[in-house]
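Working through the structure, step by step
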Amino acid sequence: GAPFQPAIATALQLPDAFYVDLATDLQRKRDLLSVGLRAAGFTVFPTAGTYFVVTDAAPLGVTDGAEFCWRLPELIGVAAVPVSVFCVDPDLGRTLVRFAFCKRDEVLTEAVSRLAGLKAAV
């Protein structure tokens, strides 16, 4: 679309190092969050080409990802999105939950710290 053309033109003029640094930073953030999610008891699926880590919350006893995501901010102050909202058949992603890692380092570090207490809260 026309509104994006100036932004794209600017982005195309940035040096390759900008994108190398961006990719490296996002990989580090992804890995930080993934380690924290695994430690909290989630099954973590391999992630590439996105800002989200998809997990299975079933190992935590979760049977409904949407309900779990509604409760998560109250339980530990961390937000997630149920994958079922993206499925024509919500049962296909019933226990799958995604977390965004395109956040500031301090936000991710705090989220990992809060996730560490999730088993006791569920």
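In what follows, the accompanying structure is described. Just so it is clear, the model here is predicted, and its values are computed rather than measured.

With the rule as written, the count across this model stands at zero disulfides. Just so you know, Cys87 is unpaired, no disulfide at all, and the nearest cysteine sulfur is the one on Cys69, 12 Å from it. A relative accessible area of 23% places Cys87 in the partly exposed class. The cysteine Cys102 is free of any disulfide, with Cys69 supplying the nearest cysteine sulfur at 16 Å. Look at Cys102 and you get partly exposed, because its relative accessible area is 39%.

Enumeration according to the criterion identifies three aromatic pairs in this entry. Ring plane angle 85° and centroid distance 4.9 Å describe the contact between Phe18 and Tyr19, whose orientation is recorded as edge-to-face. Residue class for Tyr19 comes out partly exposed when judged on its relative accessible area of 34%. Aromatic rings pair up to connect Phe42, Phe68 and Phe99 into one cluster. The ring of Phe52 has Arg98 lying over it, and the distance from NZ or CZ to the ring centre is 3.5 Å.

Here helix α2 (residues 16-40) crosses helix α4 (residues 105-115) at 10°, and the two axes come no closer than 8 Å. Considering their axes alone, α2 and α4 lie roughly parallel with respect to each other. Every residue of α4 that contacts α2 at Arg28, Lys29, Leu32, Leu33, Gly36, Leu37 and Ala40 is listed here: Asp105, Leu108, Thr109, Val112 and Leu115. Per-class residue counts for the contact of α2 with α4 are seven nonpolar, two polar and three charged.

What follows is about the pattern of salt bridges. Between side chains of opposite charge, a pair can form as their charged atoms come close. For the coordinates displayed, the defined rule picks out nine salt bridges. In this structure, Asp105 and Lys29 form a salt bridge, with 3.2 Å as the shortest nitrogen-oxygen distance. With Asp105 in helix α4 and Lys29 in helix α2, this pair connects stretches of sequence that are 76 residues apart. Taking relative accessible area as the criterion, Lys29 reaches 9% and is therefore assigned buried.

What follows concerns the nonpolar core. Core analysis: the biggest nonpolar cluster contains 24 residues, and Leu33, Leu37, Phe42, Phe68, Phe99, Leu115 and Leu118 have the highest contact counts within it. For this core, the secondary structure elements donating two or more residues are α2, α3 (65-76), β4 (96-100) and α4. Once residues within four sequence positions are removed from consideration, Phe68 is found in contact with Phe42, Ala57, Val62, Val97, Leu118 and Val122.

When you line up the elements, Val112 lands in helix α4. Remark: the alpha-carbon pair of Val112 and Ala23, spanning 89 residues in sequence, is separated by 21 Å. The contacts of Val112, once residues within four sequence positions are left out, are Leu32, Leu33 and Gly36.

The subject of this paragraph is the pairing of β4. With burial as the criterion, only one face of β4 is covered, namely that bearing Val97 and Phe99; the residues Leu96, Arg98 and Ala100 on the opposite face remain uncovered. Both strand β2 (residues 52-56) and β4 contribute to a ladder of five bridges, which runs antiparallel. Counterpart to Asp56 in the pairing with β4 is Leu96. Bridge count for strand β3 (residues 81-82) against β4 is two bridges, and the pairing is antiparallel. Residue pairing across strands places Val81 opposite Arg98, the latter belonging to β4.

Reading the values: rules and limits
Residues numbered from 1 in each chain as written. Predicted model: local features only at pLDDT ≥ 70, side-chain atom pairs only at ≥ 80, totals over all residues. Heavy atoms only, no water. Disulfide = S-S within 2.5 Å. Buried < 20%, exposed > 50% of the residue type's maximum accessible area, 1.4 Å probe, protein only. Phe/Tyr/Trp six-rings, centres within 6.5 Å; stacked < 30°, edge-to-face > 60°. Lys NZ or Arg CZ within 6 Å of the ring centre and 35° of its normal. Axes fitted to C-alpha atoms, helices over the stretch in contact; angles between N-to-C directions. Helix = DSSP H or I, 4+ residues; strand = E, 2+ residues; numbered from the N terminus. Parallel < 35°, antiparallel > 145°, perpendicular 65-115°, else oblique. Contact = heavy atoms within 4.5 Å. Nonpolar A, V, L, I, M, F, W, Y, C, P; charged D, E, K, R; others polar. Salt bridge = Lys/Arg side-chain N within 4 Å of Asp/Glu carboxyl O. Core = buried A, V, L, I, M, F, W, Y, C linked by side-chain atoms within 4.5 Å. Pairing = 2+ DSSP bridges.

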